[in-house]
Each structure stands twice: as C-alpha cells, then as structure tokens.
Amino acid sequence: MTSLFDGYQLAGNTLKNRAVMAPMTRARAPGNIPTEATARYYAQRTDAGLIVTEGTPISQEGNGFVDCPGIWNDEQIAGWQQVTQRVHDGGSLIFTQIWHVGRISHTSLQKNGQPPVSSTAVQAAKSSAFGFNDAGEPDFVIASKPHALTTEEVKRVVKDFAHAAVNAVKAGFDGVEIHGANGYLVEQFLNGAVNDRQDRYGSDTLENRLRFALEVVDACIAKIGADRVGIRLSPFGRLHELGDFAEEEETFLALAHELSHRNIAYIHIMDQASRGAPAMPDGFLEKFRQAYNGTLILAGGMDLNKANEMINNNIIDLAAFGAKYISNPDLVERYRHGWPVSEPDHKYYYGGAEQGYTDYPTFSGATTIKL
Ligand SMILES: Cc1cc2nc3c(=O)[nH]c(=O)nc-3n(C[C@H](O)[C@H](O)[C@H](O)COP(=O)(O)O)c2cc1C
C-alpha cells in the first residue's frame, strides 16, 4: 500500500512524503515584501514534502490584496531568498504560486488608480478585493470594473508571468505554480461564461479559451524549464462569479491533454465542493487522470483517510492540505502518530501580526521549530 507517508519523485527531486501545504494568502507582508516572519512561518511547516506559497502577485497590476508578498522586484526576491533557504534547510521543496487576480482587484491597489484588467470589461460586482476604502484604510472593497485587455496587452501579461518565473528561480524556489484556479485572471480566460472576447483569446472555441493559459505555461517553460512549472486549476469552480458554460468538461480535459505533452512538474486541482461550488461530476477526476500523464495533486477537504485512499488507488499522487496547515505546522507528524489535529482560528487568516500565524504549536509542545 502506498500512503501519504511515502516519498515521491517530483520532477527529479525527492519529496520526503506526499503531503503538500496548499497555497494560502496570509497578507502579512507590508509593502508586498516577504519578512523574517514569512520565513519563520514557512520554516515551521517543513513537515510537508512540498510547500506551495501563498499567491504571489506577478505585478502590481496582478495584485488584489493589501500586503500580499509579490515577486516582481528585487526587494521581494531578497525577501523570498530567506524563505527558500530556511525551507530547504528543513528538507522540503518549495514552489511559489504566481498570481494575477485580473478583475478581482480595486482601483486603490492599482498604479494611479487605474482600473484592474481582465479578459472582459464586465465587473465582478458581487466579489471583493482587499484594498483601501474611501477613508484610505485597508478594507474589503467591491472589485472595480475592469479594462478588457487588448490582444497586444495580453501578450504583455504573458511576459509578466514569465518574468515572475525568472524571479522565482532567482529567489531560490524549486519552481512556480501558475495560479489558474479560483476565478482569477487565467480562469477569466478559460471560463466561457466570463470570457466575452472576440479575438484569438475569445470564448468561441475551445482552442481560444485555452490559448492564454497555454501561452503563460509555455512562456514560463521557455524561461525556467518544464520541470519547474506547475499549474493550479479548479475545474467546475464557481468562485468569483464564474459560470457554467458549454464544453466545460471538454475544456479541462483538453487542457490536461495539452499539459501532458509539455511534461510540466504537476497539475494541482482544487476541488471547490468544500467551498460551496458544485462537485466535479462523477468520474471527472478519473477522466482527468487519464488525460494527464504527469503528477496530480488534489486539495479541498483532504484528511488522512481520503489522502491514503486516493493515493493508494492511484487517483492522485500527492494530497494538499490548506486550513489544517495553518493550525498544525506538524500535520504529517500528527497523522503519523494519531495525534489530534487542531482547528485554525478564521479571524487570523488574513493580515495582522504573528498571532494566528507563527504561534500555532506543534503537538509535542514545542511552540516553534527552532530555525
Ligand atoms: C486563509 C486561506 C487562504 C487561501 N489562499 C489561497 C491562495 O492564495 N491561492 C490558492 O490557490 N488557494 C488559496 N486558498 C485555498 C487553499 O489552497 C485550499 O485549496 C483550500 O483551503 C481547500 O483546502 P482545505 O480544505 O484543506 O483547506 C486559501 C485558503 C485559505 C483557508
């Protein structure tokens, strides 16, 4: 039987176990620069074979959240270097999730108060960014009406992703996870209900819907190599006002097929059923597994039994845990010994200082792993 505790070969690297710390925005990086506390937080969680960082905006334009650590300038690269060093010292691999939020942003976060950008000019009027309110204080604010990227501008955004990938390698990351999930920019192109374009990135054909995602993947591969590029997808996800559309299943299976040819490091699926979206249709994951011949990670409501069952039945290779890694820095150890798993306190998810961030103890009582 293969289990969560077994090692795994990921794109030429050995993972000490099959647990992945899922990407989680924590919004504690003033001025978008990772701090010593960021490094300590991740170092404490080197219990996971693979850590995927919180979403890291590839540009100011791509940011939708105050105090998210970015990956577009040298100061940010230097900040991340302390993170990657300490995670490697702890024996884990670390990828960074490169992120463009598209229309889930706000003018208060953009250069000169410009509108955010998207595949469409339609506002996600029921969605929030974490920007600044009228009084200039950090606050949840309704996502602003976006500017629809012109065909030329789309190419520039693709380059911004590739630039972020290069920066990630400079920062010492083992690779990047392109954020293609949860209703952000990549999905604003993939999703036929949001994408209302008429150009070669439009929603009229499956090829056109996939074009932006594949160009981003290819641009990153060209700069840092396929074994350093992963992608996160959330098929049938409905976050941030995505809708259903014709050929939805076909779109994701075709994407899986295309990505197979590219030999990327992995695909990371986020199952949003645990966050209120309709479940992926019965049998979809198995079809996706057949269409994609590389490493498959699954996140969303994972626990030890589910992880072991899916790994052992060869439905997935690696299991990702989100919220549990906030409050259990030693999650795999707890599972290994049958120790209780604690619940995180939601009020400390986003922003603030070290409370609810670096002060969750390991079960054996050490408040922090000394690093
Ligand atoms: C506080 C918090 C922040 C999150 N931020 C991100 C993010 O930046 N990028 C992303 O792809 N998913 C993000 N997620 C989703 C998680 O990666 C994960 O997929 C989700 O929580 C489901 O897994 P779980 O049931 O194990 O928590 C976030 C989740 C939480 C709880």
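A few points on the structure. (Residues numbered from 1 in each chain as written. Predicted model: local features only at pLDDT ≥ 70, side-chain atom pairs only at ≥ 80, totals over all residues. Heavy atoms only, no water.)

Below, the discussion takes up the pattern of salt bridges. Per the counting criterion, the structure on display carries 18 salt bridges. Glu247 serves as the salt-bridge partner of Arg209, at 2.9 Å between the closest nitrogen and oxygen. A residue pair is termed long-range when its members are at least 10 positions apart, and Arg209 in helix 5 (residues 206–224) and Glu247 in the loop between strand 11 (229–233) and helix 6 (248–262) qualify at 38 residues. Owing to a relative accessible area of 3%, Arg209 belongs among the buried residues under this scheme. As a salt-bridge pair, Asp330 and Arg334 come within 2.7 Å of each other at their nearest N and O atoms. Taken as a pair, Asp330 and Arg334 share a single burial class, namely buried. (Salt bridge = Lys/Arg side-chain N within 4 Å of Asp/Glu carboxyl O. Helix = DSSP H or I, 4+ residues; strand = E, 2+ residues; numbered from the N terminus. Buried < 20%, exposed > 50% of the residue type's maximum accessible area, 1.4 Å probe, protein only.)

Here we take up the nonpolar core. Core analysis: the largest hydrophobic core is formed by 86 residues, its most contacted members being Phe161, Ile178, Phe212, Ile267, Phe288 and Phe321. Ranked by residues supplied to this core, first place goes to helix 5 with 11 residues. If we skip the residues at most four places from it in the chain, Phe321 touches Leu4, Ala19, Val20, Met21, Ala22, Met302, Asp303, Ala307, Leu331 and Tyr335. Counting 15 residues, the second largest nonpolar core, distinct from the first, contains Tyr8, Val20, Ala265 and Ala320. (Core = buried A, V, L, I, M, F, W, Y, C linked by side-chain atoms within 4.5 Å. Contact = heavy atoms within 4.5 Å.)

Glancing now at the site of the ligand. Around the ligand, 19 residues are found, and the nearest of them are Pro23, Thr25, Arg232, Gly301 and Gly322. Residue Gly55 places a main-chain N or O atom 3.2 Å away from an oxygen atom belonging to the ligand. Within the side chain of Arg232, an N or O atom sits 2.7 Å from an oxygen atom of the ligand. Coverage of the ligand by the protein amounts to 91% of the 610 Å² it exposes when considered alone. Residues that form the shell around the ligand fall into these classes: nine nonpolar, eight polar and two charged. (Near = heavy atom within 4 Å. Polar contact = N/O pair within 3.5 Å; in protein donor to acceptor, adjacent residues only side chain to side chain. Areas by Shrake-Rupley, 256 points an atom, 1.4 Å probe, with all protein chains shown as cover. Nonpolar A, V, L, I, M, F, W, Y, C, P; charged D, E, K, R; others polar.)

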